[in-house]
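Inside the fold
Spelled out from the first residue to the last, the chains are:
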Amino acid sequence: MKRSLGLFDVTCLGVNAIIGSGIFALPDDLYREMGGLSPLAFLLCAVGLTPIALCYAEAASMTERSGGPYVYAGEAFGAETGFVVGWMCFVNSLFSFAAVAAIAAAYLGKFVPGIEGVDGEATTRAVAAGIIAAFAALNYFGAKPGARVTDAFTLAKVAVLVLLVVAALPAVEPSRLAAPLPHGAVGIGAGTFLALFAAQGFEVAPVPAGETCETRRNMPIAIIASLLLSSAIYVVVQIVVVGAHAGLGAATDTPLVDAALRVAPALGAVVLAGGLISTLGFVSGNALGTPRYAFAAAQDGYLPRWLAAVSPRFDSPTRAIVVTAALAGVMTLAFDYRRLVGMSNVTVAVQYLATCLAVLVLRRFRPDAKRSFRAPGGALVPLSGAAVSVWIFTEGSPTEILFAVGALAIGVAIATISRRAAKA
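These lines cover the structure that appears in this document, whether it is placed above or below.

Applying the stated rule across the entire model yields 9 aromatic pairs. Their ring planes at 15° and their centres at 5.5 Å tell us that phenylalanine 202 and tyrosine 352 sit as a pair that is stacked. Taken together, the residues span a long stretch of sequence, with phenylalanine 202 in the loop between helix H9 (185–199) and helix H10 (215–244) and tyrosine 352 in helix H14 (residues 337–365) at a distance of 150 residues. There is no split in this pair, since phenylalanine 202 and tyrosine 352 are both buried.

Take the pattern of salt bridges next. Under the criterion given, the structure shown has 10 salt bridges. Residue aspartate 28 pairs with arginine 32 through a salt bridge whose shortest N-O separation is 3.2 Å. One end of the pair, aspartate 28, and the other, arginine 32, are both in helix H3 (residues 27–34), 4 residues apart, so they sit about a helical turn from each other. On the basis of relative accessible area, aspartate 28 is assigned to the buried category, the value being 0%. Looking at arginine 32, the relative accessible area reads 29%, which means it is partly exposed. Between glutamate 214 and arginine 217 there is a salt bridge, with its nearest N and O atoms 3.2 Å apart. Three or more residues are tied together by salt bridges with common partners; here these are Asp28, Asp29 and Arg32.

Right, let's get into a nonpolar patch on the surface. Where nonpolar side chains cluster on the molecular surface, the patch consists of Leu37, Leu40, Leu43, Leu44 and Val47 and spans about 390 Å² of accessible area. Assignment of secondary structure puts valine 47 in helix H4 (residues 39–60). Residue classification places valine 47 among the exposed positions, given a relative accessible area of 55%.

Further remarks concern helix H6 (residues 79–108). The terminal C-alpha atoms of H6 lie 42 Å apart, and with 30 residues this matches the ideal 44 Å at 1.5 Å per residue to within 8%. Burial within H6 is extensive, with 25 of its 30 residues counted as buried.

Moving on: the nonpolar core. Of all hydrophobic cores here, the largest spans 128 residues; its most connected members are Ile23, Phe202, Val237, Leu256 and Val271. It is H6 that provides the largest number of residues to this core, a total of 18 residues. Sequence-distant contacts of valine 237, defined by excluding residues within four places in its chain, comprise Ile23, Leu161, Leu164, Val165 and Leu256.

Rules and cut-offs
Residues numbered from 1 in each chain as written. Predicted model: local features only at pLDDT ≥ 70, side-chain atom pairs only at ≥ 80, totals over all residues. Heavy atoms only, no water. Phe/Tyr/Trp six-rings, centres within 6.5 Å; stacked < 30°, edge-to-face > 60°. Helix = DSSP H or I, 4+ residues; strand = E, 2+ residues; numbered from the N terminus. Buried < 20%, exposed > 50% of the residue type's maximum accessible area, 1.4 Å probe, protein only. Salt bridge = Lys/Arg side-chain N within 4 Å of Asp/Glu carboxyl O. Patch = residues over 30% accessible without salt bridge, like charges linked within 9 Å, V, L, I, M, F, W, Y side chains within 5 Å. Areas by Shrake-Rupley, 256 points an atom, 1.4 Å probe, with all protein chains shown as cover. Expected span 1.5 Å × (residues − 1). Core = buried A, V, L, I, M, F, W, Y, C linked by side-chain atoms within 4.5 Å. Contact = heavy atoms within 4.5 Å.

Encoded structure:
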């Protein structure tokens, strides 16, 4: 496929994947878990995810293929393991795709009468499926049009968050940041796990590597920059919201909007629009990145070969895009937002662990391989990243882990059928 994406595009893809619905929907949940110390949840996520991001950066500097962790695990552990990891990446992206589309539909309901709710309204879910279809159609026409829309959404959502911070800063009362932990130390783990959904996304940046210029140089920069920039924004926003919004502990689907309304009605309207922009931007990025997992696996015969078809006119994996959008649309109809969040966290832990371990293996068995970046600290960084990945997995509920195991079983079954069909 044509290499049409630059450093700015893939960095925006990472930032856009991180700053999606989480910062607009989770501040109240975090406050109920950690009180005035809730900004610490995003800081802890950044600290924990940094070694994982460094591993992604090193692995990405060694290849120019699309697929991200699918490629890294395949090169380190063999094609079969690579498929398992790639499939879980695909499933994680589908969960995120569907979850944020549901939130986007809820925000759209604030502007369009008749669209209400996040968790149970049939109209909202149908609108969410329509949003997915619209962005899939855009990406059908190539990576660059989709990337341009993602760039615009990313800049707009960051601008809204900066405006909120500047406007609400005078209303901050430092005493609110000193509130004790509501649930003691247990709340720190629960809050950090919740914040993880908002903090993940840097792993999306290297997925379209095969369509990116100067891949080995640009990918490490995009991965690390997207995590650090987004985390800094998150911490500052949560500090300001906690300090300025006395009623943050009340359950709501729009905590940032509620905080902005306390400062000024006009600011509330701007942040509400920003929430819609942010969630639509995230869906746009998923429409670009998620099909690339399926495309890469289909190229290697682990998914039906016809999914690897590339449009000669648009240089895009059109069939993978259509199938991905259809699956995400079904998920919006079948699951609510918070269930999708939990399942996303569990499945992302698989690809994080695989990438960290892949770096260790590739260093040992391919020491002379060409790489433009090497994570510092020797084996400490990959091992730290692997430990954080295991913690993420163990924090999931039994139901969420069961869904992950079920998704894996489905993937293995599809791969087995596809490989047999290819040999026939």
